[in-house]
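An overview of the molecular structure
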Amino acid sequence: NAGVTQTPKFQVLKTGQSMTLQCAQDMNHEYMSWYRQDPGMGLRLIHYSVGAGITDQGEVPNGYNVSRSTTEDFPLRLLSAAPSQTSVYFCASSAPGRYGYTFGSGTRLTVV
Amino acid sequence: GENVEQHPSTLSVQEGDSAVIKCTYSDSASNYFPWYKQELGKRPQLIIDIRSNVGEKKDQRIAVTLNKTAKHFSLHITETQPEDSAVYFCAALGGTGGYNKLIFGAGTRLAVHP
């Protein structure tokens, strides 16, 4: 098992550009979430999903879109990148009833 | 929605001492409380967790306690070692805002000095 795979690992964007952060898991986990991590602010929930076709907003959803067409994939889209979106982004997944989330290795995004 | 507060933000101890990190949560419906350890440049890793029907759980040098009435839970690390140096995050899941929403505290940077 590869676990939770995130791509790319690093990305630099210009203000106004759009991009998609990829997240895939091979553990057949129903639950998947996206977090952003900023210094001194912990991990903040952006969007989450409880299964294919079902997504919901987290604490800081503005400027981000998600979709869940398959159990394995949960991409995060930045519609028009802003410097405030400079952060480290983590994807995580969990199986129902098991609670413990497994994190991907993260994507470090810089918006200039 | 759920709000998780974590204290202290930094903690410095001598090797062999104990370390305690405390968290409070706001939503009484939350029912699962994990702790994660994150080393520099790495992903968060689950180290211990506790469910709301349990008051205490221990795993070797690490223990977690939960007080549902006061809505707070704590991480205890005994006999600290330099490799315990990391950022520790508490979290709460299962609040009224969504049974799958895992909300984190801001983190505690623990430094263990030899």
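Read on for a plain summary of the structure. Fair warning: this is a prediction, and the values are worked out from it, not measured in the lab. (Residues numbered from 1 in each chain as written. Chains lettered and ligands numbered in written order. Predicted model: local features only at pLDDT ≥ 70, side-chain atom pairs only at ≥ 80, totals over all residues. Heavy atoms only, no water.)

1. Description of the sheet that holds strand β7 (residues 64-66) of chain A
Residue and element names in this part refer to chain A. Read across the sheet, four strands follow the order β1-β3-β8-β7 without closing on themselves; strand pairing throughout is antiparallel. The sheet is open, and its two borders are formed by β1 (4-7) and β7, each paired with just one other strand. Shown here is a sheet whose adjacent strand axes are inclined to one another by a mean of 20 degrees, direction ignored. In the sheet, β7 pairs with strand β8 (residues 76-78) via three bridges, with the strands oriented antiparallel. Its bridge partner lying in β8, V66 is registered against L76. (Pairing = 2+ DSSP bridges. Helix = DSSP H or I, 4+ residues; strand = E, 2+ residues; numbered from the N terminus. Axes fitted to C-alpha atoms, helices over the stretch in contact; angles between N-to-C directions.)

2. Quick notes on the nonpolar core
Grouped together as the largest cluster of nonpolar side chains are 43 residues, with contacts concentrated most on W35 and F104 of chain B. Excluding anything up to four places from it in sequence, F104 of chain B contacts Y35, L43 and F103 of chain A together with V4, Y36, F89, C90 and A91 of chain B. L13, L21, M32 and C91 of chain A belong to the second largest nonpolar core, which has 18 residues in total. (Core = buried A, V, L, I, M, F, W, Y, C linked by side-chain atoms within 4.5 Å. Buried < 20%, exposed > 50% of the residue type's maximum accessible area, 1.4 Å probe, protein only. Contact = heavy atoms within 4.5 Å.)

3. Focus: the interface of chain A and chain B
Each partner contributes to the interface: chain A provides 24 residues, whereas chain B provides 20 residues. Carbon and sulfur atoms make up 58% of the surface buried where chain A meets chain B, a total of about 1,800 Å² over both sides. Remark: the boundary between chain A and chain B carries five residue pairs in polar contact (both at pLDDT 80 or more). At the level of secondary structure, the elements contributing two or more residues to the side of chain A that touches chain B comprise β4 (31-37) and β5 (43-51) of chain A. It is β5 of chain A that provides the largest number of residues to the side of chain A that touches chain B, a total of five residues. Residues of the side of chain A that touches chain B, tallied by class, amount to 12 nonpolar, 10 polar and two charged. (Buried area = accessible area lost by both parts, 1.4 Å probe. Polar contact = N/O pair within 3.5 Å; in protein donor to acceptor, adjacent residues only side chain to side chain. Nonpolar A, V, L, I, M, F, W, Y, C, P; charged D, E, K, R; others polar.)

4. Remarks on the packing of aromatic side chains
Scanning all chains against the criterion turns up 12 aromatic pairs over all chains. On the numbers, 5.9 Å between centres and 40 degrees between planes, the contact of Y35 of chain A with F103 of chain A is tilted. Here F103 of chain A lies in strand β10 (residues 102-103) and Y35 of chain A lies in strand β4, a separation of 68 residues in the sequence. Since its relative accessible area comes to 0%, Y35 of chain A is described here as buried. Judged by its relative accessible area of 2%, F103 of chain A falls in the buried class. Each member of the aromatic cluster is reached from another via a ring pair, and the members are Y35, F90 and F103 of chain A together with Y36, F89 and F104 of chain B. Across the ring face of F74 of chain A, the terminal group of R68 of chain A is positioned such that the distance to the ring centre comes to 5.9 Å. (Phe/Tyr/Trp six-rings, centres within 6.5 Å; stacked < 30°, edge-to-face > 60°. Lys NZ or Arg CZ within 6 Å of the ring centre and 35° of its normal.)

5. Re the environment of Y25 of chain B
Residues and elements named next belong to chain B. Structurally, the position occupied by Y25 is in strand β3 (residues 19-25). For Y25, a relative accessible area of 6% puts it in the buried group. Sequence spacing of Y25 and E2 is 23 residues, and the spatial spacing of their C-alpha atoms is 6.9 Å. Setting aside anything within four residues of it in sequence, one finds Y25 in contact with E2, N3, V4, S30, F33, L66, N67, K68, K71, H72, F73 and A92.

6. Section: the sheet that holds strand β1 (residues 4-7) of chain B
Residues and elements named next belong to chain B. Ordered by their spatial adjacency, five strands build an open sheet running β1-β3-β8-β7-β6, and the pairing between neighbours is antiparallel. Only two strands of the sheet have a single partner each, and these edge strands are β1 and β6 (56-59). The sheet shows a mean angle of 15 degrees between the axes of neighbouring strands, taken without regard to direction. Relative to strand β7 (residues 62-67), β6 is paired through four bridges, and the arrangement is antiparallel. Paired with D59 across the two strands is I62, which belongs to β7.

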